[in-house]
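Overview (structure and organization)
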Amino acid sequence: MKGQIVEWNDSRGYGFISSVGGELRVFFHISSVKNRGYRPKLQDNVSFNVIEDEKGRLNAENVIVQGTNGFPVTVLFSSSFLVAATASIIVFKGELLLIPLYLILSIFTYFMFAWDKQAAQNGSWRTQESTLHILSLLGGWPGALLAQFLLRHKSRKQPFKFILWVTILLNVGGFVWLFTESGRNLIQGLLRLFS
């Protein structure tokens, strides 16, 4: 069926879809939305299936928001950065060690987000937000953005999102600085120290 979101409670993750000229009003939950990482909004046009629950209430499942590409700008930004970083290191003879470092930190950060989400759902010991921010600052931010998109974890919480973007900008600025003479000297000094 096709319809439009007429009520949406973003903090609780549920709302209602109106269909059949307003004659049908169907409940839906964020977990039934198939556009990964997309938060529904009022007046979004959707397609969906209708099921009846055990109490005879109509619920929407397989909700697809029309007109979204399903792939957020943040994930495209992080992917583009990794491609550009790799190209710049090769073209400008930067330190090749940075690329595997970004990849390893991104994978580790993604798994830290996944672990924190599971801990939140189970009521277990959580990862401190400062730890997630430090990992992002050190270069794991592409994994953090991917985790926000795929896992829907820490994707709405403020000031977490603001601080995450500050760490991203600081990291990108630091990466660019590493191509200056003082940045190259720092890397060479660190490599000598650890070799």
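Keep in mind that what you see is a predicted model, and the values were worked out from it rather than measured. (Residues numbered from 1 in each chain as written. Predicted model: local features only at pLDDT ≥ 70, side-chain atom pairs only at ≥ 80, totals over all residues. Heavy atoms only, no water.)

Time to look at the overall build of the protein. A count of helical and extended segments in the protein gives five helices and five strands. Counting helices and strands in the order they occur from the N terminus, the protein gives β-β-β-β-β-α-α-α-α-α. Here the C-alpha atoms of the protein give a radius of gyration of 22 Å, more than 25% beyond the 16 Å that 2.2 N^0.38 yields for 195 residues. When the backbone C-alpha atoms are referred to their principal axes, the protein occupies close to 70 × 35 × 25 Å. (Helix = DSSP H or I, 4+ residues; strand = E, 2+ residues; numbered from the N terminus. Rg over C-alpha atoms; globule rule 2.2 N^0.38 Å.)

Examined bridge by bridge, strand E1 (residues 2-9) and strand E4 (residues 45-52) share three bridges and lie antiparallel to one another. For Gln-4, the partnering residue across the bridge sits in E4 and is Asn-45. Summarising the sheet, E1 and strand E2 (residues 14-19) pair through six bridges and their orientation is antiparallel. Residue Trp-8 lies in a different strand from E2, and its bridge partner there is Gly-15. Hairpin connection from E1 to E2: four residues lie between these consecutive antiparallel strands, with Gly-13 at a positive phi of about 75°. (Pairing = 2+ DSSP bridges.)

Attention now moves to the layout of surface pockets. In this structure, the largest pocket spans a volume of roughly 460 Å³. Around the largest pocket, the lining is made up of 18 residues, and of these Leu-98, Leu-101, Leu-178, Ile-187 and Leu-190 lie nearest the centre. Elements with a minimum of two residues in the lining of the largest pocket: helix H2 (98-122), helix H3 (129-151), helix H4 (160-177) and helix H5 (181-194). For the lining of the largest pocket, the residue count by class is 15 nonpolar, two polar and one charged. (1 Å grid on protein atoms, 1.4 Å probe; cavity = no way out; pocket = protein on both sides within 12 Å on 5 of 7 lines; lining within 4 Å. Points joined across faces, edges and corners; volume = space filled by probe spheres on them. Nonpolar A, V, L, I, M, F, W, Y, C, P; charged D, E, K, R; others polar.)

Next up on the list: the side chain of Lys-154. Tracing the chain through its elements places Lys-154 in the loop between H3 and H4. Polar side-chain contacts of Lys-154 include one of 3.0 Å to the side chain of Glu-129. Excluding residues within four positions of it along the chain, Lys-154 makes contact with Phe-113, Asp-116, Arg-126, Glu-129, Leu-132, Gln-148, Phe-160 and Lys-161. (Polar contact = N/O pair within 3.5 Å; in protein donor to acceptor, adjacent residues only side chain to side chain. Contact = heavy atoms within 4.5 Å.)

A few words on the confidence of the model for the protein. Per-residue confidence for the protein averages 89 on the pLDDT scale, and 97% of its residues sit at or above 70. Between the elements of the protein, mean pLDDT differs from a low of 87, seen in H5, to a high of 95, seen in H4. (pLDDT = per-residue confidence, 0-100.)

On to unusual backbone geometry, then. Here Val-20, not a glycine, exhibits a phi torsion of approximately 55°, which is positive. The exposure class of Val-20 is partly exposed, given its relative accessible area of 46%. (Buried < 20%, exposed > 50% of the residue type's maximum accessible area, 1.4 Å probe, protein only.)

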